[in-house]
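# Report on the structure
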Amino acid sequence: MPEGEDYAFEDHSELNLQPLDDDCRLLGTLLDTCLKHEIGDALFHKVERVRAVSECATTLASKGATEASASLSESLANELMAMDIDEAIPLTRACGHYLNLTAIAELQHRLRRNRNNPKRAKSCDEVFARLRAEGMSSDQLYNAIVNQTVEIVLTAHPTQVNRRTTQHKHTKIASLLQQHSRVDLTQPERQLVLDDMMREVMSLWQTDELRRRKPTPLDEARSGLHLLEQSLWTAVPAFMKQVSMALKKHTGHDLPLNAQLFKYSSWMGGDRDGNPNVTSLVTAHVVYLARWMAADLYLKEIDALHFELSMNQCSAEVWAMCRAIAKSKEIKEAAMKEAMQKDARGCSSDGGIAVSPTGMSHGPSPGGSRTSMDKGSSFALPFYGDTVPQFGSSAALQQMVVDPTASPALRASSPSNRLSLSNMNGASASSQQNQQYSYDPVRGSSGGGAYDPNLGSLTRDSRMSALNKESFQGTHMSAIFGSPEGSKVISSRVSMLTTPMGNSYPGRSPLEEAREDLEMGSLQSMSDEMYKGSTFGGQLSQKQLLNVKSVDHAASLGEADPTPLRKSLLEQHTTMDSIALHKLHEHPGFHPYRTVLGEVRERLMATRKYMEEMLEGKEPTVPTKIIYNDKEELEIPLRMIYWSLYECGGGMIADGRLLDLIRRISAFDLSLLKLDIRQESTRHSEALDAITQYLGLGSYLEWEEEQRLAFLTTELQGRRPLVPVDMPMSDEVKEVLDTFRMAARLGRSSLGAYVISMAKRASDVLAVELLQKEAALQVAGQDGTVPNLRGTLRVAPLFEMLEDLEAGGAVLKRLLQNPWYRQHLKNAHGNHQEVMLGYSDSGKDAGRLAANWALYKCQEDLVREAHEADVKLTLFHGRGGTVGRGGGPTHLAIQSQPPGSVNGGFRITEQGEMVQAKFGIPAVAEYTMELYTTAVLIATLRPPPPPRCEEWRTLMEQLSINSCKAYRSVVVDHPHFISYFQHATPEAELGNLNIGSRPSRRKAGITGISTLRAIPWIFAWTQTRLILPSWLGIGEALEQAVIDGHRDELRKMYMEWPFFKSTIDLIEMILAKCDERIAALYDEVLVTDEKEKLLGAELRSKLGATIRALLDITGHPQLLANQSNLRKMLEMRNPYIEPLNILQVEIIRRLRQNPDNQRLKDAMLISINGIAAGMRNTG
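Described below are features of the structure shown in this document. (Residues numbered from 1 in each chain as written. Predicted model: local features only at pLDDT ≥ 70, side-chain atom pairs only at ≥ 80, totals over all residues. Heavy atoms only, no water.)

## With respect to the side chain of Ser763
If you trace the backbone, Ser763 turns up in helix 29 (residues 762-783). Engagement of the side chain of Ser763 in a polar contact is seen with the side chain of Glu705, the distance being 2.7 Å. If near-sequence neighbours (up to four positions away) are discounted, Ser763 is found in contact with Tyr700, Glu705, Arg708, Leu709 and Leu712. (Helix = DSSP H or I, 4+ residues; strand = E, 2+ residues; numbered from the N terminus. Polar contact = N/O pair within 3.5 Å; in protein donor to acceptor, adjacent residues only side chain to side chain. Contact = heavy atoms within 4.5 Å.)

## Things to note about the environment of Ile978
Summarising the element assignment, Ile978 is placed in helix 38 (residues 977-984). Taking the C-alpha atoms as reference, Ile978 lies 9.6 Å from Glu1092; in sequence the two are 114 residues apart.

## Regarding the state of the cysteines
One pass over the full model with this rule turns up 0 disulfides. With no disulfide of its own, Cys322 has Cys314 as its nearest cysteine by sulfur position, at a separation of 5.6 Å. (Disulfide = S-S within 2.5 Å.)

## Concerning the packing of aromatic side chains
In this description, an aromatic ring pair is defined by two values, namely the gap between the centres and the angle between the planes. A full pass over the atoms with the stated rule returns 32 aromatic pairs. Geometrically, the ring pair formed by Trp820 and Tyr821 is tilted, given 6.5 Å between the ring centres and 45 degrees between the ring planes. For Tyr821, a relative accessible area of 1% gives the class buried. The interplanar angle of 5 degrees and the centroid separation of 6.4 Å between the aromatic rings of Phe977 and Phe981 together place this pair among those described as stacked. Remark: Phe981 and Phe977 occur in helix 38; sequence separation between them is 4 residues, near one turn of the helix. Each member of the pair, Phe977 together with Phe981, is buried. In this structure an aromatic cluster arises from ring pairing among Trp233, Phe239, Phe262, Tyr264, Tyr298, Phe668, Phe919 and Tyr932. The positively charged end of Arg907 is found above the aromatic ring belonging to Phe876, 4.4 Å away from the centroid. (Phe/Tyr/Trp six-rings, centres within 6.5 Å; stacked < 30°, edge-to-face > 60°. Buried < 20%, exposed > 50% of the residue type's maximum accessible area, 1.4 Å probe, protein only. Lys NZ or Arg CZ within 6 Å of the ring centre and 35° of its normal.)

## Description of the sheet that holds strand 1 (residues 149-155)
Taken together, the 8 strands give a closed barrel; going around it, the order is 1-2-7-8-9-10-11-12, and neighbouring strands pair in parallel fashion. With strand direction ignored, the average angle separating the axes of adjacent strands in the sheet is 25 degrees. As judged from the 5 bridges shared by strand 1 and strand 2 (residues 262-266), these two strands associate in the parallel manner. Its bridge partner being in strand 2, Glu151 is matched across the sheet by Lys263. Contacting strand 8 (751-757) and strand 9 (794-799), helix 29 runs over the sheet at an angle of about 150 degrees to strand 9. (Pairing = 2+ DSSP bridges. Axes fitted to C-alpha atoms, helices over the stretch in contact; angles between N-to-C directions.)

Here is the structure:
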């Protein structure tokens, strides 16, 4: 459970914590049993004693008996600091595991509370009902929901200390704990669950919790994809169903089929800011890996749908699509037969090897020769009972795609682990091959073949020929047969058809043919032809036929409320002759949905094969035109099947697995997680400087802003390339340009935004636009294509330092005044600008209070400038997990944004341990998405108020100035602060913790706070329990305001202004986690310089003063007085955190004396993991 749990801030009422106590006691008992077995009774009793003493000290402290508590703590410290390392490591591990198991129990308590409270606050049901009660119309509410989008950007920021192996075990224990809470379990069933839980706890203890090597960017990307497969893949459609039910309840409308309430993106493998390990090649590999996994996951869903949709009824549109597919397959079969005859590679008539158009052998043909339409055909494999082609996979790909710690599903999806799928009736694939049967592409099924009353007793081949020629008589595809043009088409495709996948089509794919024909009306005439002359056609009036075939266009495309169309189609079954309607849709002996899904499956297999070859570094053998490059291509046939099911009375079936798949495609696209590219602005400036100097134009770095803008605008307006092909350049410049070329090739289908970190001026954005243009021209020149200058990535400047935030509005105004950029924004990005705001570095630069106010003002400025320029603005919030890096409860954070800054769109990063905490389990992910949805909805429709009066704004400005001054007087100006920070915290030791692929500093070899990343800055202070960056400077600012006579005004601001209240509440929560005694212990043992000791004492004094000043404003008698449940849960953790802190202090002392001792290094890292688990955050 992260530090900013939303439920902890919901209300002030007491919650029943007894179930939580019971779960903690159960998991603790299981761990005790494990410890007795693993470490022996003697050491276990020592662990028990340490825990009891620590718990007693914590209890005395909470009761106000500070002296007695301090005495016990001192005694405990003396014992622990004298402990041998062989005893210290098991004790450290035990405390860490207790804290992790407590976190699981807290998570289960949270889920249980949600399940038992259907009308919980901030749920869709509660918020929709409240808005309707306030007078909002159903249409207003509906339109607001369907037009809003939240995008979560998963990052690999190094704050996740747990290995993915241990995360997986924690998830398994959480699942078992949930099972154990079921009241309907019998005693034997409950015992089985307990046994399973015990096994998981023992396995967890016996697993090395330390990463023995730093993760690579590919490792981090796999971690993100693993989370998507294990949790989000299930959670997203389930969440959409929740929203849909709430909408129907309160508005009478349903979500459109392709509603996109949530999108997911990633920085894992795309964030190269200060990380030399992320290169253009790495980014491309991550994209191909994601595309491979997307195709694989969609394939599994298509396979399941193929088995499920076995019905023989369909709409006229789907039936016509089946015929189009059959015709295309006949053309391909003819081409293959001609090619095989020319090459003398035919099949023997007495049981030779049958070669399918995929180029793969399928064993002896049971009846002698068999056509490619039989079981060996690449078209619409029966899936169940057939052998799925096994694509070769190199060891490199195996290592890249499948991690030993991945889930069984992820491992099974590896290309090298493709196995035959068992027949659903229990027969194996090999036994199926010995049976006499044939496979019809239109039937989509195997077996002897059912009797078709329309085709009589024709043989299989003649039946297929009759079906195809009759169905396509007079259509454009039939012209291919017997015509010189058709022969040319066939001949030109022979070489392509003999590739390993063999999935190319003569011209467009059948689904594309059917789609275009449907739009032009050709399939409508074909459908009429089907009904003409039939034995039942005369029983339906022309009006009824039109009703059957008419489809509301917007709803059928998934863009509008599907409810009216659903009702219309369902009403047909009550107003029309049911027998006639049944005959109208029925096609005995055929399985039309399986035929269409077979076509989809072919292209997904081709896509997966293509991505596999790209991952292996091979020249792709699969033609690019047959792989999926646009999610619309994948959605169209599924939506047609969806409406066909409704038309045929199968609406309940349509709204199951099929609708889930359609909504997954809308959320995840073809790449699962679109990858952002992030790079520091100076890297672009250095690349342009190298170019201008080589061309003799001077030094770009030395130019003033106006000269830069003039140069960039001129080049952007011109048509000639700027960068000479033979230009010599440094490795750094080459990597920048290679990244832009890579982005030009991958395009928007796989990539999201190009984020410019440390952006300071308008030219930083135009510089990226120029480099994108150059890359597009170069790639088009290499490929011999026309450059698509409107297809470049959107560019998002990132303002993160205090002065950059203050200038953000002016920079955007200057940018939008540029004529070229203004037109480009309209043409390429739909008049939509994205701006990112950095919470981490701004806090490190100015302190939390000043940074929060600067962010608030910057958002106001950006919203105003965008509104004046009539540009749609999306603010991208780069929040971290801790309050010091902008973290906090989701709902509270969004509700405290400036009015007008959300406006139906919200993009935010989720980092490190927060990703697992918020999205690692499907039920938790659903809850998190619901919180985001309702918070964005309320912030859009009922935006929070601005400062009530100018006096509040003036007072807030003064608080910001004073807090920033106090913060910088210590962090920047104090001569001993850097050395104190290095000695009093484990900052140096954190470098040995393999928790991220990027270095802890932006620039190697430079010490000081300026180059230290915000994450290790926060992480180090969190370990010592001082958590300095989250509160430093705030106490002085509040004290000065009270001295100036503003106490009453501050209290009014706290009560009435959401921004100020949320800021104070989050700081109060952090102060409750601080422990002055523990911080003093670090100073006492680790700091030797007297001046540094004095600084430490001064900081602890500031901590106490800050607590008093904050309580004076809130009116609370103690910290978290209005959040008693959160306070109790913090108290439950302390008996385990305090021993860890004491042990860490001693371990650091010994390690600094003996830096090469591996046992001490391990103990140090274990203590860091344990404290992070107890604090519920790292950085």
